[in-house]
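# Commentary on secondary and tertiary structure
The chain contents come next:
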Amino acid sequence: TGPMSLECLGNLLRITLSAEYFEDKYLALFVVDQSGTAWELDEAMAAQCGYTVTYTTWRSIEFHASALSCHSHFEKGVFTVTIQIKASHAPDMSNATTHLKSASCHYGPWSPRELICESNYMEVSVRSEVPQTIKDFVQDEPEDWTLVLPEAKAEEASIWQIVFHQPEEKRALLVSNAWSAGYGLNTTDSRVLLRVPYTAAQVQLVEVGVLLLAQQDARLCRSNQMPSLQDQGVTFSVLRSSTFYKYQWVILMVDTAVACPVDGVDYMNKTITWTVPKYIPPVSAGMTSFKDVLVEAGVDLRKLSAKEMASRKYVLLNELKAITMKIPIGAEGGYYKTSVSNGQLGVTYTINLFLEHQWEDNKWRLTKHTIIKEIETPFEQAEVAITNNLNLSARLMNVTVGTFLPDVELVNLTIEGVVVAVPEAVQHGYLIHRTRYANGSKAYVIQVPLDALSVKKEYMREDMRAYTLNVTLTFVTYPSSETFVVPVIALSAVKDAVLPSARGFCDGKNLHLIITHGNVDQNWLPFISDWHLTKEAAQKYNYILRDNGTHLAISVPFLSPHVSYEGFHTSAIKASFYLTLKDGITLAQRRDFSVSCIFSPSELIQCLPNGTVIITAIKLVGGEDLDTALLVLRDRQCKPSLVTEKTATFKFNVNTCGTSRKFNSTTTTYENEVLYFRPGNDAPIYQLKFLCSYAVKQSADVQYESKKNPPPSIKPGFGCLALSLKLFKEKSYLEPYQESEFPVVKYLREALYFEVELLQPKDARLDLNLDDCWATNSQSWDSLPQWHILIHGCENNKGSYRTVFHKVDYSLRVKFPQHLKRFEVKMFTFVQGTSLLQE
């Protein structure tokens with residue numbers, strides 16, 4: 001319990017640091033010797049002194065210490081190890097908390113020779129037996145030994161020299177030099193110890209051949225055929241050495257050879273097979289007899305009984321030449337951990353096997369060989385499950401990513417190319433939750449509002465919108481600090497599309513479409529057939545195109561190239577305007593709108609008092625191949641004077657072009673028709689009738705005075721006119737409002753007095769006439785809605801309060817009364833539905 005726990009496991013001590021307590025802290029490990037001095041532990045010192053530090057997938061840390069480690073105290077079969085741990089939240093270890101742990105373990109009896117294969121070192125300790133004859137020898141002159149061999153130590157029993165046996169040579173090192181080279185040497189009252197890091201210079205790799213009985217399949221066994229023999233080699237790390245030590249006057253030599261298996265592992269049929277040969281030449285040299293005493297195995301330094309191994313489906317085979325362990329991948333005792341290969345996520349299965357082999361031979365009597373082998377299976381790629389659970393009521397995308405093993409942590413997100421740490425993701429609208437499961441695994445839940453800027457919205461069909469979340473997650477593994485990324489693309493279809501809607505109306509001269517934007521048409525563009533209607537293109541045809549963000553307004557004149565005419569009668573003309581919204585990227589047709597209105601034929605027919613008729617014939621829907629230049633009147637010699645793609649204009653007198661007349665008591669009616677004939681065919685395929693009516697019972701008094709003046713002639717022309725529009729305070733039109741007084745505040749039904757004046761040119765021959773005058777709801781003259789005050793020079797008879805014209809008389813200020821027009825309007829407000837537009 002607490003931050004550390006300990007276990008005595010034979011000649012090894014294990015101290016486990018709690019993951020919960022030391023998680024997210026920086027650690028420094030020290031070993032304390034008998035004098036109280038703390039030695040900081042690093043990799044080189046650990047391998048030389050008999051310590052091992054491992055990190056498990058659960059982020060806990062294990063510390064192993066050999067019974068004869070450098071700083072342990074061994075007395076009467078009990079070895080004591082003291083460690084010190086400093087933990088801090090800062091890399092520089094400031095404000096560190098210190099933890100001290102001392103542990104004692106009993107170990108015995110010792111075998112004459114004991115071999116330990118740890119993950120970072122090999123260790124051999126042998127009994128330092130002294131022959132009886134030497135023990136009884138009396139040393140007369142102890143100082144002579146020092147004179148003869150100055151290198152010798154003064155202690156009663158101490159290591160003097162170690163000799164490494166290489167194939168090509170033997171190399172001898174003094175104890176001090178061997179220690180500097182990374183070797184660990186030690187003696188007790190009864191034992192000599194040598195510890196070798198696997199990276200030591202004198203370590204050799206030796207392949208040991210094993211004669212194995214390869215089991216055949218069940219069919220082969222049932223046929224009673226003999227099994228075949230298979231020769232298999234296992235590589236060992238080997239150190240051949242002899243250690244010399246002095247006892248009184250005698251120099252004694254012991255064989256300190258050690259060997260540990262490097263491989264011997266196979267992965268077949270989802271099973272780990274670990275083979276360890278029994279006869280290892282370096283440690284079996286000089287043996288002529290061999291007998292197994294004990295073969296035991298386990299996991300994590302713990303021996304398992306036969307029943308425990310069977311429950312885990314472990315198999316331990318003690319064969320003639322080798323010991324074999326078979327472990328199903330994924331079995332209890334091991335654990336999966338996350339691995340990354342070439343940026344790809346995968347898993348490996350790791351198990352820390354423990355094998356103890358004791359045998360008797362004629363050289364050492366009893367040898368105990370302990371092998372600790374961490375086995376990791378090859379990389380196996382893993383897929384990451386991504387689940388999107390849409391919370392429609394909260395308008396949230398709930399994306400679950402995982403499951404992951406406990407050694408994985410989410411560190412950042414890449415949102416629209418920007419890398420964001422997990423704590424900062426909330427500023428982008430992302431909420432991240434970690435879900436832990438009973439087996440220690442976990443998943444990450446990412447919650448993103450549908451309306452977040454990084455969620456792409458796309459219209460699908462009808463009332464459906466597609467919401468796409470595209471974010472990349474970066475994970476890190478512990479303790480290996482490998483990183484991998486998981487692209488997350490989550491798609492949700494939601495019935496929340498609001499399509500644009502439209503209303504249309506006409507004002508006698510124009511067709512208007514006002515389109516209310518929805519939430520799916522941000523990149524939809526207006527088209528007339530295949531013609532993209534831009535502001536610049538609209539100006540070319542005198543169309544008006546406005547978009548204030550919420551509404552798109554289009555106004556086109558009645559006689560326009562893109563207006564379709566579907567009916568032409570003497571009393572009415574049906575005109576239609578069609579508009580299509582297309583996707584701005586794919587140009588797919590998204591929405592169609594149209595406005596149709598009935599117009600008066602007076603827009604196309606002018607019956608002048610002098611009997612002149614001007615008529616504009618229109619190409620109707622269905623007659624697209626009709627050539628307007630070939631249109632004629634009843635008299636086919638009467639052809640149009642002006643032709644466009646869709647219209648033809650005729651100008652003629654009622655007494656010409658085959659016009660017929662009808663009389664009644666009050667009117668004379670003239671009729672004619674516009675015809676279209678195909679070449680060589682006298683039956684018209686196009687026929688538009690029209691008429692003009694004149695009153696016959698009208699009288700007028702005309703004063704006539706004969707003068708020989710030339711007849712007046714009026715020619716249309718163009719020029720620049722300077723005009724002003726002023727608002728006056730009173731009906732007297734004496735004091736106008738100044739610019740500084742605007743905006744002028746008036747109440748409903750109060751009178752407004754307007755004056756329009758022709759400023760230039762000052763020509764008495766000119767008359768100013770007002771044709772149209774209208775009010776808008778904003779400062780823009782073409783904004784909607786509009787209310788017409790004057791129509792064709794007359795007051796609007798649809799209003800509750802009609803416009804009142806005021807006569808303009810000559811005065812000091814008014815030199816040309818015909819250059820001014822004055823009228824009075826009652827104050828009103830615009831209404832939309834039942835609501836007043838207060839602005």
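Preceding block: the structure.
Residues numbered from 1 in each chain as written. Predicted model: local features only at pLDDT ≥ 70, side-chain atom pairs only at ≥ 80, totals over all residues. Heavy atoms only, no water.

## Things to note about the overall build of the protein
The criterion, for reference: Numbering goes from the N terminus for both helices and strands, where a helix is a DSSP run of H or I of at least four residues and a strand is a run of E of at least two. Buried, partly exposed and exposed residues are distinguished by accessible area as a fraction of the type maximum, computed with a 1.4 Å probe on protein chains only: under 20%, between the cut-offs, and over 50%, respectively. Two residues qualify as a contact provided that any one of their heavy atoms is within 4.5 Å of a heavy atom in the partner residue. The Shrake-Rupley method, run with a 1.4 Å probe, gives the accessible areas here. Residue values count only the displayed protein chains as cover.
Helix and strand counts for the protein come out as nine helices and 64 strands. In the protein, buried positions account for 43% of the 839 residues. A separation of at least 24 residues holds for 59% of the contacts in the protein among residues at least 6 apart in sequence. Within the structure as shown, the protein displays about 47000 Å² of accessible surface, and the carbon and sulfur contribution to it stands at 52%.

## A word on the pairing of strand S39 (residues 483–494)
The line we're drawing: Two strands are said to pair when DSSP picks up at least two bridges between them.
Burial along S39 is one-sided: the residues Phe 484, Val 486, Val 488, Ala 490, Ser 492 and Val 494 are buried and none of Thr 483, Val 485, Pro 487, Ile 489, Leu 491 and Ala 493 is. In this structure, strand S38 (residues 464–477) lies alongside S39, joined through 12 bridges in antiparallel fashion. When the bridges of S39 are listed, Thr 472 appears paired with Pro 487. Where S38 folds back on S39, the antiparallel hairpin that results is connected by five residues, among which Ser 481 adopts a positive phi of roughly 60 degrees.

## Description of the nonpolar core
Selection rule: Put simply, a nonpolar core is a bunch of buried Ala, Val, Leu, Ile, Met, Phe, Trp, Tyr and Cys residues held in one set by side-chain atoms that sit within 4.5 Å of each other.
Counting residues in each nonpolar core, the largest one holds 52 residues, and the members touching the most others are Tyr 183, Val 196, Ile 327 and Ile 351. Leaving out residues up to four positions away in the same chain, Ile 327 has contacts with Thr 271, Ile 272, Tyr 314, Tyr 349, Ile 351 and Leu 353.

## Some points on the sheet that holds strand S35 (residues 431–436)
Note the following rule: Every angle, taken between N-to-C directions, lies between 0 and 180 degrees, and every axis is a line fitted to C-alpha atoms, over only the stretch in contact when it is a helix.
Read from one edge to the other, the open sheet built from four strands follows the order S31-S32-S36-S35, with strand pairing classed as antiparallel. Each edge of the open sheet carries a strand with a single partner, namely strand S31 (386–391) and S35. Adjacent strand axes in the sheet meet at a mean angle of 20 degrees, parallel and antiparallel pairs treated alike.

## A look at unusual backbone geometry
Along the chain, Phe 742 connects to Pro 743 via a cis peptide bond; the corresponding omega equals 0 degrees. Here the bond from Leu 784 into Pro 785 is cis, since omega is 0 degrees, no more than 30 degrees from zero. With respect to the secondary-structure elements, Pro 785 resides in the loop between strand S58 (773–776) and strand S59 (786–791). One non-glycine residue, Asn 269, lies in positive phi territory at about 55 degrees. The residue Asn 269 is located in the loop between strand S21 (265–268) and strand S22 (271–277) in this model. For Asn 269, a relative accessible area of 71% corresponds to the exposed category. For Leu 587, which is not a glycine, the phi torsion comes out positive at approximately 60 degrees.

## Some words on the state of the cysteines
Threshold: Only a pair of cysteine sulfur atoms within 2.5 Å qualifies as a disulfide here.
Counted under the stated rule, the structure contains six disulfides. The disulfide partner of Cys 117 is Cys 260, and the gap between their sulfur atoms is 2.0 Å. Disulfide Cys 117 to Cys 260: torsion about the S-S bond roughly -90 degrees, handedness left-handed. Of the two residues, Cys 117 is situated in strand S10 (residues 113–117) and Cys 260 in strand S20 (residues 258–261); the sequence distance between them amounts to 143 residues. The buried category is assigned to Cys 117, whose relative accessible area is 1%.

## Regarding the pattern of salt bridges
For clarity, the threshold we go by: What counts as a salt bridge is simple: a side-chain nitrogen of Lys or Arg found within 4 Å of a carboxyl oxygen of Asp or Glu.
Counting across every chain of the model gives 29 salt bridges. Notably, a salt bridge pairs Arg 636 with Asp 682, separated by 3.8 Å at the nearest N-O pair. Pair noted here: Arg 636 is in the loop between strand S50 (612–618) and strand S51 (642–643) and Asp 682 is in the loop between strand S54 (667–676) and strand S55 (686–695), with a separation of 46 residues, a long-range link. The exposure class assigned to Arg 636 is partly exposed, which follows from its relative accessible area of 37%. Several salt bridges share partner residues, and in doing so they unite Glu 7, Arg 14, Glu 62 and Arg 302 into one network.

## Things to note about the pairing of strand S25 (residues 315–318)
Bridge count between S25 and strand S26 (residues 322–328): four bridges; the pairing is antiparallel. Its bridge partner lying in S26, Leu 316 is registered against Met 325. Where S25 hands over to S26, the hairpin turn is made up of three residues, counted between the paired strands.

## Re the environment of Glu 741
In plain terms, the rule: Throughout this description, a polar contact denotes any pair of N or O atoms lying within 3.5 Å of each other; where both atoms belong to protein, one of them has to be capable of donating a hydrogen while the other can accept it, and for residues adjacent in sequence the pair is counted only when both atoms sit in side chains.
For Glu 741, the position within the fold is in the loop between strand S56 (722–728) and strand S57 (751–760). Glu 741 has contacts with Lys 729 and Pro 736, leaving out every residue within four places of it along the chain. Within the structure, Glu 741 has its side chain in polar contact with the backbone nitrogen of Gln 738 (distance 2.8 Å).

## Some remarks on the side chain of Arg 191
For clarity, the threshold we go by: The convention is simple: Lys and Arg are positive, Asp and Glu are negative, and His and the chain ends are not counted.
If you trace the backbone, Arg 191 turns up in strand S15 (residues 191–197). For the buried residue Arg 191, which engages in no salt bridge, the nearest side chain bearing the opposite charge is Glu 114, 5.1 Å off. In terms of polar contacts, Arg 191 uses its side chain to reach the backbone carbonyl oxygen of Pro 112, at 3.4 Å. Discounting chain neighbours no more than four positions away, the residues touching Arg 191 are Trp 110, Ser 111, Pro 112, Arg 113, Glu 114, Ser 125, Val 126, Arg 127, Ser 128 and Asn 186.

## With respect to the sheet that holds S55
Overall, antiparallel pairing links the three strands, which are arranged S53-S54-S55 in an open sheet. Pairing within the sheet leaves two strands with one partner each, and these edge strands are strand S53 (660–663) and S55. In this sheet, neighbouring strand axes are inclined to one another by 25 degrees on average, regardless of whether the strands run parallel or antiparallel. Pairing of S54 with S55, which is carried by 10 bridges, proceeds in the antiparallel orientation. Counted as the bridge partner of Val 674 is Leu 688 from S55.

## A short note on the side chain of Thr 370
As for its placement among the helices and strands, Thr 370 is situated in strand S29 (residues 365–376). For Thr 370, a relative accessible area of 3% translates into the label buried. Apart from residues no more than four positions distant in its own chain, Thr 370 is found in contact with Leu 115, Ile 116, Cys 117, Phe 354, Leu 355 and Glu 356.

## Side note on the environment of Lys 495
Looking at the element boundaries, Lys 495 is found in the loop between S39 and strand S40 (501–506). Put simply, Lys 495 and Arg 465 are 30 residues apart on the chain and 6.3 Å apart in space, counted from C-alpha to C-alpha. For Lys 495, the residues in contact, after removing those within four places along its chain, are Asp 463 and Met 464.

## What about the packing of aromatic side chains?
As a reminder, the rule being used: Working definition: rings of Phe, Tyr and Trp (its six-membered ring) pair if their centres are within 6.5 Å, and the pair is stacked with planes under 30 degrees apart, edge-to-face with planes over 60 apart, and tilted otherwise. We count a charge as sitting over a ring when the NZ of a lysine or the CZ of an arginine lies within 6 Å of the ring centre and within 35 degrees of the ring normal.
The full count for this structure, using the stated rule, is 27 aromatic pairs. With a centroid separation of 4.6 Å and an interplanar angle of 65 degrees, the aromatic rings of Tyr 279 and Phe 290 are classed as edge-to-face. Placement of Tyr 279 in the loop between S22 and helix H7 (281–284) and of Phe 290 in strand S23 (residues 290–299) is noted, with a sequence separation of 11 residues between them. Here the aromatic rings of Tyr 733 and Tyr 753 are separated by 6.0 Å at their centres, their planes lie at 80 degrees, and the arrangement is edge-to-face. Here the residue Tyr 733 occupies a position in the loop between S56 and S57, and Tyr 753 occupies one in strand S57, the gap between them amounting to 20 residues. Judged by relative accessible area, which is 13%, Tyr 753 ranks as buried. A connected cluster of aromatic rings, assembled from ring pairs, spans Phe 404, Tyr 444, Phe 475 and Phe 484. In this arrangement the basic side chain of Arg 195 is found over the ring face of Tyr 121, its NZ or CZ atom lying 5.8 Å from the centre. A cation over an aromatic ring shows up here: Lys 582 above the ring of Phe 527, its NZ or CZ 4.8 Å from the ring centre.

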